[in-house]
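# Coordinate analysis (summary)
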Amino acid sequence: MISPDAIRGYVDLIVLSLLSEGSSYAYRLVQQIATVTGQDYAMKQTTLYSAVKRLESAGLVTSFPDTSESGKPRTYYKITETGSSHLDQKIVEWRETKSVVDRFVEGINR
Amino acid sequence: MNAITAHLEAMFDTYPRTPRVLDAKAELQAMMEDAYENLITAGVTPADAAGQVISEFGNLAELAPALGITTDTDRSRGRVEASAADDREGLAPPPTKIRNVSRVALIVLAVLAVIWLGIATPPLILAIFTPMPGWFIIFCGVAAGISAVALIFLIRLLRR
């Protein structure tokens, strides 16, 4: 199980990646994350909510009212154009970060 | 479901009822309800479902910076910065600056009480030896009594 500290810097990247595939509401995002991560990581509801609100205040996502599959009114979040560009930059940054850290980790394991 | 609502109410109890805080509460409640119903559909008992949903809730202090709870709190209650993300479960402890500000106010009041006590008591002692107008003795007595009671309360508050 990955600790919240280990993944903290990547929560925004995870949320933006999911929203780049289509608009969604908070609980569905939590479910989508749980489906992908399985037992490795469970995102708390407050972590997800604070992430979408942080992204919204930064203009990277927008919110709008809509109805969920169960017919209940929910706040949906949608990635903006700025959000998409930001996501592209973050993906490049993540790949570089991963590559740099791997160089040390693989070196230690050798 | 009642346990979930009670948990949420308790979590938000210490925060001001600003529009942003109320929006957060409503959306978190919706998230918790969705999670609960999902578990019930999956065959989990209501008690277990409520327990699991509450355990997956997280840390409310984490929301403070993103929601501007700190700013809203400042505006509505004159409070100062709440602490940022906290890894512990549950609410953030009350900001220390708030306690410091309250403490300073209590100390100022205690000093004022001592001054009033100092002004009102000597005439009462002098009244034993020298004749003085009755109204003056009553005034000094009341002032000394109020100051003494206030001082006792203030000292008790400061010792907490």
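These numbers were taken from a predicted model, which means no experiment stands behind them. The residue numbering used here restarts from 1 in each chain and proceeds along that chain's sequence as written. All chains are assigned letters beginning with A, and all ligands numbers beginning with 1, in the order in which they are written. Under the rules for a predicted model, residues below a pLDDT of 70 receive no local features and side-chain atom pairs below 80 are neither given nor counted, while totals for whole chains, interfaces and linings still include all residues. Values shown for side chains rest on all heavy atoms present in the structure; no hydrogens or waters enter the calculation.

## Looking at the nonpolar core
If you look at the biggest cluster of nonpolar residues, it comprises 45 residues, and the most contacted ones within it are A:V15, A:L48, B:F12, B:L28 and B:L60. Helix and strand assignments follow DSSP, with helices taken as H or I runs no shorter than four residues and strands as E runs no shorter than two, numbered in order from the N terminus. The element contributing the most residues to this core is helix α2 (residues 19-41) of chain B, with 8 residues. Note on contacts: a residue pair qualifies if any of its non-hydrogen atoms lie within 4.5 Å across the two residues. Leaving out residues up to four positions away in the same chain, B:L28 has contacts with A:Q45, A:T46, A:Y49, B:L8, B:F12, B:F57, B:L60 and B:L63. If you look at the next biggest cluster of nonpolar residues, it comprises 6 residues, including B:L106, B:L151, B:L154 and B:L158. Among the buried residues, those of types Ala, Val, Leu, Ile, Met, Phe, Trp, Tyr and Cys that are joined through side-chain atoms within 4.5 Å form a nonpolar core. The buried label applies to any residue whose accessible area, calculated with a 1.4 Å probe on protein chains only, is under 20% of its type's maximum; exposed applies above 50%, and partly exposed to all values in between.

## Some details on the sheet that holds strand β1 (residues 24-25) of chain A
Residue and element names in this part refer to chain A. The 3 strands are arranged β1-β3-β2 in an open sheet whose pairing can be described as antiparallel. Pairing within the sheet leaves two strands with one partner each, and these edge strands are β1 and β2 (61-67). Should DSSP find at least two bridges between two strands, the strands are taken to pair. Note that β2 and strand β3 (residues 73-79) share 7 bridges and pair antiparallel. By the bridge assignment for β3, T62 is matched with K78.

## Quick word on a nonpolar patch on the surface
All names here are of chain B. A cluster of nonpolar side chains, V104, I107, V108, L109, V111, L112, I115, W116, I119, W135 and F139, forms an exposed patch at the surface whose accessible area comes to about 1,100 Å². Taken together, the elements giving at least two residues each to the nonpolar patch come down to α6 (96-129) and α7 (134-159). Ranked by residue count, the leading element in the nonpolar patch is α6, at 9 residues. Of note, L109 is situated in helix α6. The exposure class of L109 is partly exposed, given its relative accessible area of 45%. Patch building starts from residues that exceed 30% relative accessible area and form no salt bridge, then joins like charges within 9 Å and nonpolar side chains (Val, Leu, Ile, Met, Phe, Trp, Tyr) within 5 Å. Method for areas: the Shrake-Rupley scheme with a 1.4 Å probe, in which residue coverage is limited to the protein chains shown. In what follows, salt bridge is the name for a side-chain nitrogen of Lys or Arg lying within 4 Å of a carboxyl oxygen of Asp or Glu.

## Some details on the packing of aromatic side chains
Geometry of an aromatic ring pair is reported as the spacing of the ring centres plus the angle between the planes. Stacked, edge-to-face and tilted are the three classes for Phe, Tyr and Trp ring pairs, Trp counted by its six-membered ring, which pair at centre distances within 6.5 Å; planes under 30 degrees apart are stacked, over 60 edge-to-face, the rest tilted. Counting across every chain of the model gives 4 aromatic pairs over all chains. Taking 5.7 Å as the distance between ring centres and 80 degrees as the angle between the ring planes, the aromatic pair formed by B:W135 and B:F136 counts as edge-to-face. Residue classification places B:F136 among the partly exposed positions, given a relative accessible area of 27%. Among the aromatic residues, those joined into a ring-pair cluster are A:Y25, A:F64 and A:Y76.

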